[in-house]
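Close look at the chain arrangement
Chain residues, written in single-letter form:
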Amino acid sequence: MHGGPQSLVSLASRKVPVTIHTLSPREIWDFDLTYAHTPTDRRVNMAVPASKRRKIEHESSEEDDGASFASFGESDSEADHEAEQDVDVDNANDLEGDVSDDGDEEEQATGRGSAPKQSRKAQNEDRPKSQKPVSASDGGALTAGSFKSNMFRLQVDELLQQIRPRRGKREESAEQALHALKRTIEGSAPRPACSVVEAERELLTSSKVTIPFPNPRPPKDAKYKLEYAKPANINVVGSFVLKTSSRTKETLDVDMSVTMPSSLFQDKDYLNYRYFYKRAYYLACIAAAVQQAHSGEYDLCMQSFRDDGLKPVLVIAPKESLGRGGDIKPAPNWRINVLPCVGADVFPADKLLPSRNCVRPAEHAGAEPTPSYNSSLRADMLMAQSLKLVHSAATTCDAFRDACMLGSTWLRQRGLGSSISAGGVGNFEWAALMALLLQGGGNNGKPILSERYSSYQLFKASLQVFAMKDMSKQAVIIGQAAGDVRAAATGLPMVWDGARSHNLLYKVQPWAYLQLRREARNTLEMLGDQLYDGFDATFILRLNNPLLCTDRVLELSVETVKDQRKLYDILKQGLGDRVNQLHFRLPSGQSWQLSAAAPEYASRGILQIGIVINPKTVDRTVDHGPTAENKTEANSFRKFWGEKAELRRFKDGSISESLVWASGEAGQSVLEQIVRFLIKRHVSEAAEAAASFMSDAFSPMLRPGVSNATFQPIVDAFKQLETDVKGLEDLPLSVRQIMPADAQLRYSSIQPPATVPNRHRPMPADVTIQFEGSARWPDELVAIQRTKIAFLLNISDKMREAVNGATTRIGLENRDHDILNQGFLEIVYDAGPAFRMRVHHDREQTLLERQLKDKSLAPSAKEAAAVGLATFKRNYLRTPGHTQAIAGLCSRYPALSATIRLTKKWFCSHLLAYHIPEEVVELMVARTFVQPWPWQAPSSVQTGFLRTLHWLSRWDWRAEPLIVDLSGSAELKQYDVQSIKTRFEAWRKLDPSMNRIVLFAASNIDTDGTTYTDGRPSRVIASRMTALAKAASAQIEELQLSLEPASLFSSPLDDYDFVLHLSAVAWGGNKRSSSKGRTAFKNLELASLDDTSSVGFDPAALFLDELQDLYGSAVLFFSGGAERPVIAGLWNPQTAPRSWKVNLAYSTVPVKAANAEGVQARINKDAILSEIARLGGDLIERVVA
């Protein structure tokens, strides 16, 4: 019964298991019935509002959920004194703040036995007056902003409470190891000075430790000597001791700095890698001593520090141990990085400015500056100074540590970190930048940040610095700058710490800096959007999945690309305005054993390049270069493009260099052609041959294509219809307007319009016509319906006379409801487009509202009036406005139309199309574009579709309404949103079981929120929708670039009680076909195309409506439309055997139960299925039960 692509739900056979369990419709229904019969006062545990049940994805370590970071910080009484001193390991415990024991901490973490939270007012009163948080307008050179709402403030406070470092078993174990390692290193014997060759031989022979010299290796005949002596100082540095990093389940990193004595270095050792060679030897000696003393306790290896190939470090991690019962006890999840460094005064600071050259081969006397080399060495000299800088800021600013944790969380959720492969901006850079901005950086050297800011204000102001200041063009200088620092900032970002003569952002690559700025701008815009709760998107969601954040992905082998910066510049120049962003993801550095030689940094692995496209220019086939008169630029153009550049004369008479690319239909997209050409020309043929380019794999699933041009013929036909109708003479009333009210006219129908080839049976597009007001209209609803038919008849007759190539006929509807619209005019053009026109008369709404207020009417008449009013608003007010809004957005966002169609295809493939109105689906997708946070609006169908599923999997429709501003110009104001939310809460109180309103979907067009969801879908369907979206999101997260698009559109039919497989007749095909799938009789096919009576005829939909009317109380039907030609059913659990009674709503048979008294009525499933098969006739191919 499965067939086709692998099931979305059955994922066990895939290489990567998906841990999300998707409930079957039967399981969802059983739960739903339990929920419906649960007393109202107990349902709070089933559907707690999302704002009160945020699941914070920052959990404690596996060893101890109540654990905390060991505090190598300071107590309040010692803060001022310790700010001026180095933090020594032996004195670490003396610097502890007041920390509860593990039991108390666990109670605080879980919420059991803890005291109520202190109010914000009480917290502020406890602070010193000088440290009280201020609003954005108080002090500081940059406005920081305040919390956007009380709920947002509570969420931030709750997050901080969960991620603050706490002391636990893991931290205690790490502290014990720190003390033991300190004693071992201080007790290691000095080694006399020796040559490079002798040093390598001695360490390898005695300790089997290879010196991790960086590339290039030192010459064997080097004149300088390598020596080891007792360290001058050993400190614990970094976020562990400062408590500025958030608590996570990831490995706890502890940095231990070992200061090498200055006597080991000469004045010129900062040149030509000599410092780094001596540093590597010193590290190898430490490794040998630690290996000799603790090889049975710890695992030792080498690793490049933050992916800096010049600075290897010794990584120490605990081994597994045996418990009392002989069982293997897992090792604590921590590791210690031993970092050799040097004092701040060993080398002159002016010699290491970014504008200086410190790598001077003899044959290249005038070499270029070496800013990365200089800053890497300078960073080793400033370890203690950097610790004091951050420590001082944490002492003087109460909210500093919390702001650091917010920044740390924000960076981690976006895949940014201190290592070069993660962007070069992590916990340390964030904390140090804030510490510097508390000292200066503003106008006239004033501080940008105020010590009186709250943690959220510090966080937001820091984001504003990244977003507003382009540090790659103009350096941010804090303090006194020595030398030409501003000129050195060109191309790479620079935050210059004048007091310490150091560029804080020296590791940041240009692509990472652009990503950092873009993420900061997105976050600020999101936090400024009063209609959007940006807490989850700011701090909770992981945003580094390439399928969600980029449109195309290029993968290259690092072995074939040695210079990533050069490749970035080439791609940026060659792709031009076709792309909005290039994001490089470098492989992280590798670790190696002590006895092995240090590998070349990132010599193996995959370089992943994410591309965010410009949808308006990405498929351009002709590029115009410089004119022939501009010799310099033309020569540069030809040098860059080689044989691809050609001189052409264009229609306007201009002669210029140009590039011509093949259309994407030829096999490769234009973007892929350009990328492969650039790699082949500027990198190597081997790199191009091994390159893997992943384009939009979801777009080919849409036929005949993703372009809006597919709908242009029917849009043009609608304009022609307007012209034809308005041009009719002698109409009783003049036409005010003709409005589109159909998915085909808003570029969002899943099926292509009738003008597309191979579309045999055109579906008419609904339109409404409104005449100018007149007092001659009748004032009674039934008479109005008859008058509307008369108008349509008049239009039909006149169109037959005046318009060539159009066929018209009158259709009737709603025969059982005389106050509803009774007729429509069907207009079919010979070119293919078809329309159904209904008359819109304003007076109907007034009369229906009057009937609802009439207390003398019978309840049945009032109910009919309510249905009529809802239908009138939906057909004549909401849908035309919705159509215009969606059509406008599709013109603004090129990827929106295809994304809506693909999302509808997803709903159809999972048999939900019959229950989820297409307007609601359109609102879901439109939300991804008009409220794209935390990203920018999608540029491709793939990102738009996957982000929609991502949001759908997290949407708690029980507690959150769907609110979308379709205007794109902030037409929906804050008070409108509040009014919509109030209406939603009223519905939930009025209908707590959600028997009538389940999904609440509102927009600026429809503030009622129930126009399309009154009565459908049911809770079962909504739960099924969420379960499928969760399973899809889990698969996307697990497989990422290995994802098979077709797998998201398949779910098993085994979950249903019976399945009706429909034949081709149901979708406009013919019963008798040839073996090749074509119609056996061509004349019958041609006759069916010319038969206008079949226009709009959808036998499958009519059959499903009839089944719903007959068996809806006993069966829940599912259908996928033409996308999946089956109708599935679930027997209603309420049809279980019950005591016998007559006139049940479904067919039953009497059954005498063995353990029950009397006769029971059991649903006659066989008879019902037989009746369904008889009703379906040729529409049904087979029934599977």
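What this report covers is the structure whose coordinates are included nearby. (Residues numbered from 1 in each chain as written. Predicted model: local features only at pLDDT ≥ 70, side-chain atom pairs only at ≥ 80, totals over all residues. Heavy atoms only, no water.)

A few words on the nonpolar core. Leu-314, Phe-400, Ile-609 and Trp-641 are the most contacted members of the largest nonpolar core, which has 160 residues in total. Here this core takes 13 residues from helix H9 (residues 274–294), the largest share from any one element. Shared between two domains, this core holds at least three residues of each, these being domain 2 (381–544) and domain 3 (551–699). The residues contacting Trp-641, other than those within four sequence positions of it, are Gly-574, Leu-659, Trp-661, Ile-674, Phe-677, Leu-678 and Arg-681. Judged by nonpolar contacts, the second largest core, of 112 residues, contains Leu-548, Trp-777, Ile-827 and Trp-951. (Core = buried A, V, L, I, M, F, W, Y, C linked by side-chain atoms within 4.5 Å. Buried < 20%, exposed > 50% of the residue type's maximum accessible area, 1.4 Å probe, protein only. Helix = DSSP H or I, 4+ residues; strand = E, 2+ residues; numbered from the N terminus. Domains from an automatic or database assignment. Contact = heavy atoms within 4.5 Å.)

Enumeration over the complete set of coordinates arrives at three cavities of 30 Å³ or more. Here the largest cavity is characterised by a volume of approximately 70 Å³. Around the largest cavity, the lining residues are Leu-382, Ser-386, Leu-389, Phe-428, Ala-432, Leu-436, Asp-497, Arg-500, His-502 and Leu-504. Sorting the residues of the lining of the largest cavity by element identifies helix H11 (383–396) and helix H13 (427–437) as the ones contributing at least two each. By residue number, the principal contributor to the lining of the largest cavity is H13, which donates three residues. When the residues that make up the lining of the largest cavity are grouped by side-chain class, the tally is six nonpolar, two polar and two charged. (1 Å grid on protein atoms, 1.4 Å probe; cavity = no way out; pocket = protein on both sides within 12 Å on 5 of 7 lines; lining within 4 Å. Points joined across faces, edges and corners; volume = space filled by probe spheres on them. Nonpolar A, V, L, I, M, F, W, Y, C, P; charged D, E, K, R; others polar.)

A few words on the environment of Leu-1107. Mapped onto the secondary structure, Leu-1107 falls in helix H33 (residues 1099–1111). Along the backbone, Leu-1107 and Gly-1176 are 69 residues apart, and their C-alpha atoms lie at a distance of 9.4 Å. Apart from residues lying up to four places away in sequence, Leu-1107 is in contact with Leu-1060, Gly-1112, Phe-1117, Ile-1127 and Ile-1172.

Moving on to the packing of aromatic side chains. Applying the stated criterion across every chain, the model contains 42 aromatic pairs. Measuring from centroid to centroid gives 6.0 Å for Phe-152 and Phe-535, while their planes differ by 85 degrees, and the two rings are edge-to-face. Residue Phe-152 is located in helix H5 (residues 150–163), and its partner Phe-535 is located in helix H17 (residues 535–540); the two are separated by 383 residues in the primary sequence. Ring centres of Trp-430 and Phe-466 lie 6.1 Å apart, and the angle between their planes is 35 degrees; this geometry places the pair in the tilted category. A residue pair is termed long-range when its members are at least 10 positions apart, and Trp-430 in helix H13 and Phe-466 in helix H14 (residues 455–468) qualify at 36 residues. Taking the relative accessible area as the measure of exposure, Trp-430 reaches 1% and is therefore buried. Among the aromatic residues, those joined into a cluster by ring pairs are Phe-213, Phe-265, Tyr-270, Tyr-273, Tyr-275, Phe-276, Tyr-277, Phe-347 and Tyr-373. (Phe/Tyr/Trp six-rings, centres within 6.5 Å; stacked < 30°, edge-to-face > 60°.)

Turning our attention to the pattern of salt bridges. On inspection of all chains with the given rule, the structure shows 51 salt bridges. In this structure, the salt-bridge partner of Glu-202 is Arg-191, at a minimum N-O distance of 2.8 Å. Taken together, the positions of Glu-202 in helix H7 (residues 196–207) and Arg-191 in strand E1 (residues 191–194) put the pair eleven residues apart, joining distant regions of the chain. Salt-bridge contacts for Arg-809 lead to Glu-826; the nearest nitrogen and oxygen are separated by 2.7 Å. Of the two residues, Arg-809 is situated in strand E23 (residues 806–812) and Glu-826 in strand E24 (residues 823–829); the sequence distance between them amounts to 17 residues. Of the residues examined, Arg-809 reaches a relative accessible area of 31% and is grouped as partly exposed. Via salt bridges that share partners, Arg-746, Lys-904, Glu-918, Glu-919 and Glu-922 belong to a single interconnected network. (Salt bridge = Lys/Arg side-chain N within 4 Å of Asp/Glu carboxyl O.)

As a further point, take the sheet that holds strand E30 (residues 1124–1131). Strand order across the open sheet formed by four strands is E29-E30-E28-E34, with antiparallel pairing between neighbours. Strands at the two margins of the open sheet, each flanked by one partner only, are strand E29 (1115–1120) and strand E34 (1180–1184). Taking the axes of each pair of neighbouring strands and ignoring which way they run, one obtains an average angle of 20 degrees across the sheet. Relative to E30, strand E28 (residues 1058–1062) is paired through four bridges, and the arrangement is antiparallel. Its bridge partner lying in E30, Leu-1060 is registered against Ile-1127. (Pairing = 2+ DSSP bridges. Axes fitted to C-alpha atoms, helices over the stretch in contact; angles between N-to-C directions.)

Right, let's get into unusual backbone geometry. In this model, Asn-215 is joined to Pro-216 through a cis peptide bond whose omega is 0 degrees. Tracing the backbone through its elements, the reader meets Pro-216 in the loop between H7 and strand E2 (226–228). Here the residue pair Trp-933 and Pro-934 is connected by a cis peptide bond, since its omega of 5 degrees sits within 30 degrees of zero. Looking at where Pro-934 falls in the secondary structure, it is placed in the loop between helix H28 (918–930) and helix H29 (941–954). Its identity as a non-glycine residue notwithstanding, Ser-501 has a phi of 50 degrees, on the positive side. Relative to the assigned elements, Ser-501 resides in the loop between strand E11 (495–497) and strand E12 (502–503). Ser-501 gets classed as buried once you look at its relative accessible area, which sits at 12%. Here the phi dihedral of Gln-1040 falls at roughly 50 degrees; this positive angle occurs in a residue that is not glycine. Here Gln-1040 shows up in the loop between helix H31 (1019–1039) and E28. The exposure class of Gln-1040 is partly exposed, given its relative accessible area of 26%.

This part covers the pairing of strand E6 (residues 308–318). Counting buried positions along E6 gives nine out of eleven residues, so the element sits mostly inside the fold. Between strand E5 (residues 298–305) and E6, which pair antiparallel and follow one another directly, the connecting turn spans two residues, one of which, Arg-306, has a positive phi of 55 degrees. The pairing of E6 with strand E9 (residues 334–342) spans three bridges and is classified as antiparallel. Bridge assignment links Leu-314 to a residue of E9, and that residue is Val-338.

Pairing in this open sheet of five strands is mixed, and the strands run E21-E22-E25-E24-E23 from one edge to the other. Strand pairing shows two members of the sheet lacking a second neighbour, strand E21 (735–740) and E23, which therefore form its edges. Put simply, the sheet's adjacent strands are angled 25 degrees from each other on average, direction ignored. Pairing of E24 with strand E25 (residues 834–840) involves four bridges; the strand directions are antiparallel. Residue Val-828 lies in a different strand from E25, and its bridge partner there is Ala-834. Running at roughly 165 degrees to E21, helix H23 (residues 712–726) makes contact with E21, strand E22 (765–771), E24 and E25 of the sheet.

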